[in-house]
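# Observations on the three-dimensional arrangement
So you can see what is in the structure, the chains are spelled out below.
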Amino acid sequence: MAARSGTKNTAKGGAKAAPGGRRGRPSAPQAVVEPVDGGLAELIPDRDGPHGWTLLLDGAPQSHVDLDAPERLTFEYQRRLGHVIDLAGEPGRPLQVLHLGGGALTLARYTAATRPRSTQQVVEIDAALVALVRRELPLDPQARIRVRSLDAREGLAKLPDGWADLVVADVFSGARTPAHLTSTEFLGEVRRVLRPGGIYAANLADGPPLAHLRGQIATAAGLFPELALAADPTVLRGKRFGNAVLLASDVPLPVAEFTRRIAGDPHPGRVEHGRALADFTGGAAPVTDATAKPSPVPPPAVFR
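Rules used throughout
- Residues numbered from 1 in each chain as written.
- Predicted model: local features only at pLDDT ≥ 70, side-chain atom pairs only at ≥ 80, totals over all residues.
- Heavy atoms only, no water.
- Helix = DSSP H or I, 4+ residues; strand = E, 2+ residues; numbered from the N terminus.
- Rg over C-alpha atoms; globule rule 2.2 N^0.38 Å.
- Buried < 20%, exposed > 50% of the residue type's maximum accessible area, 1.4 Å probe, protein only.
- Areas by Shrake-Rupley, 256 points an atom, 1.4 Å probe, with all protein chains shown as cover.
- Lys, Arg positive; Asp, Glu negative; His and termini not counted.
- Charge placed at Lys NZ, Arg CZ, Asp CG, Glu CD.
- Phe/Tyr/Trp six-rings, centres within 6.5 Å; stacked < 30°, edge-to-face > 60°.
- Lys NZ or Arg CZ within 6 Å of the ring centre and 35° of its normal.
- Core = buried A, V, L, I, M, F, W, Y, C linked by side-chain atoms within 4.5 Å.
- Contact = heavy atoms within 4.5 Å.
- Pairing = 2+ DSSP bridges.
- 1 Å grid on protein atoms, 1.4 Å probe; cavity = no way out; pocket = protein on both sides within 12 Å on 5 of 7 lines; lining within 4 Å.
- Points joined across faces, edges and corners; volume = space filled by probe spheres on them.
- Nonpolar A, V, L, I, M, F, W, Y, C, P; charged D, E, K, R; others polar.
- Axes fitted to C-alpha atoms, helices over the stretch in contact; angles between N-to-C directions.
- pLDDT = per-residue confidence, 0-100.

On to the overall build of the protein chain. Within the protein chain one finds nine helices and 12 strands. Relative to the 2.2 N^0.38 estimate, which gives 19 Å for 304 residues, the radius of gyration of the protein chain is 19 Å and therefore close to what a compact globule would have. Taking the principal axes of its C-alpha atoms as reference, the protein chain extends roughly 65 × 40 × 40 Å. Buried residues in the protein chain amount to 52% of all 304 residues. By element, 53% of the accessible surface of the protein chain is carried by carbon and sulfur atoms, the whole surface being about 13600 Å². For the protein chain, the centre of its 36 positive side-chain charges and the centre of its 32 negative side-chain charges are spaced 3 Å apart.

If you want it as structure tokens, here you go:
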């Protein structure tokens, strides 16, 4: 889910671009609107390009993809996760990546474009959404991307120990991260699937008083010795609702380069780590399956 940057019953199947319009000119791509398991999905074409699309679920922006340039990431949180993919190994080296949450498969496409021959698993519970995206925004047949329609924790449990160089979690249901994907037990499974030196990256969404975000940092700190958090400064100050990207690993993270890239984004962010991140967490308690709650409901203004 993408919060708006500080500057994420209709009939089945929307209209698609016709082969030709008046005087032989191709007509512009049209929005595709279709019910899926998780609500009403909309694929909205870009105004400035024929192959750029934004995916919305029940009006909440989920992801953007450019089929002509999959390496182009326009959503703020996806750019930050793209930086993590870039820094997760030597440039261009294939990775084994697990994506929890699929959306329009934007980050899997990005990885395939920037790290050819990578092996990727996408776990997306919404089978109807997967079918829609595959039909309307087809994957490169040469990309080594396998998509499984399973709950994220169920899909995680099916992978062997030490399989992944990188685990990316971007799971939202009704614009909220489900409770069972916020706990120590969940992150224990993530840690099991990661190789030594691997990275966990999660897209989190929260607003004032940032209790959910602080709890997620405390939970990750119980399993990983190295953490970093990237977000818009106004989000970190608790001034507005927004996205934050949490990184965790058992080895030192590339904080300096990550910070440089985040600062150079179109909407510059701030990276916290070390003592500053511990202070930000403010003594929050780790979350367990017994205490877990979904992430907070975004205020309506977030998506306007």
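Still more to cover.
A word on the packing of aromatic side chains. Taken as a whole, this structure holds one aromatic pair when the rule is applied. Geometrically, the ring pair formed by Y200 and F224 is stacked, given 6.4 Å between the ring centres and 10° between the ring planes. Here Y200 is found in strand β9 (residues 194–206), whereas its partner F224 is found in the loop between α6 (211–221) and β10 (226–231), with 24 residues between them in sequence. Judged on exposure class, the residue Y200 and its partner F224 are both buried. In this structure, R214 is placed above the aromatic ring of F280, and the distance from its NZ or CZ to the ring centre is 4.6 Å.

It is characteristic of soluble globular proteins that their nonpolar side chains tend to be buried jointly. Grouped together as the largest cluster of nonpolar side chains are 37 residues, with contacts concentrated most on L98, L100, V190, Y200 and L229. Once you skip the residues sitting within four places of it in the chain, L229 turns out to touch L213, I217, L236, A244, V245, L246, R270, V271, E272, L277 and F280.

Turning our eyes to something else, we now look at the pairing of β10. Of all six residues that make up β10, five are buried, and the element is covered over most of its length. Pairing geometry for β10 and strand β11 (residues 242–249), over six bridges, is antiparallel. Counterpart to L227 in the pairing with β11 is A248. In this sheet, strand β12 (residues 270–273) lies alongside β10 in antiparallel orientation, the contact comprising four bridges. Across the sheet, the residue bridging to A228 is H273, located in β12.

A word on empty space enclosed by the protein. Roughly 120 Å³ of volume is contained in the largest cavity. A169, L181, Y200, A202 and L204 are, among the 15 residues lining the largest cavity, the residues nearest its centre. The greatest single-element share of the lining of the largest cavity, amounting to four residues, is contributed by β9. Put simply, the second largest cavity is a space of about 30 Å³. In this structure, the second largest cavity is lined by H83, V84, L87, I199, L247, L253, P254 and F258. Per-element accounting of the lining of the second largest cavity gives the leading share, three residues, to helix α1 (residues 76–87). Split by residue class, the lining of the second largest cavity holds seven nonpolar, one polar and no charged.

Right, let's talk about the sheet that holds β12 for a bit. What holds strands together in a sheet is hydrogen bonding between their backbones, with the strands either parallel or antiparallel. Strand order in the open sheet made by the eight strands is β7-β6-β5-β8-β9-β11-β10-β12, with mixed pairing throughout. Strands with a single pairing partner mark the edges of an open sheet, and in this sheet they are β7 (145–148) and β12. With strand direction ignored, the average angle separating the axes of adjacent strands in the sheet is 15°. As defined by bridge partners, strand β5 (residues 96–100) adjoins strand β8 (residues 164–169) across four bridges and the pair is classed as parallel.

On to the confidence of the model for the protein chain, then. On average, residues of the protein chain carry a pLDDT of 92, and 91% of them reach 70 or more. Contacts for the low-pLDDT stretch residues 5–23, under 50 throughout, to residues beyond four places or in other chains number 46 contacts.

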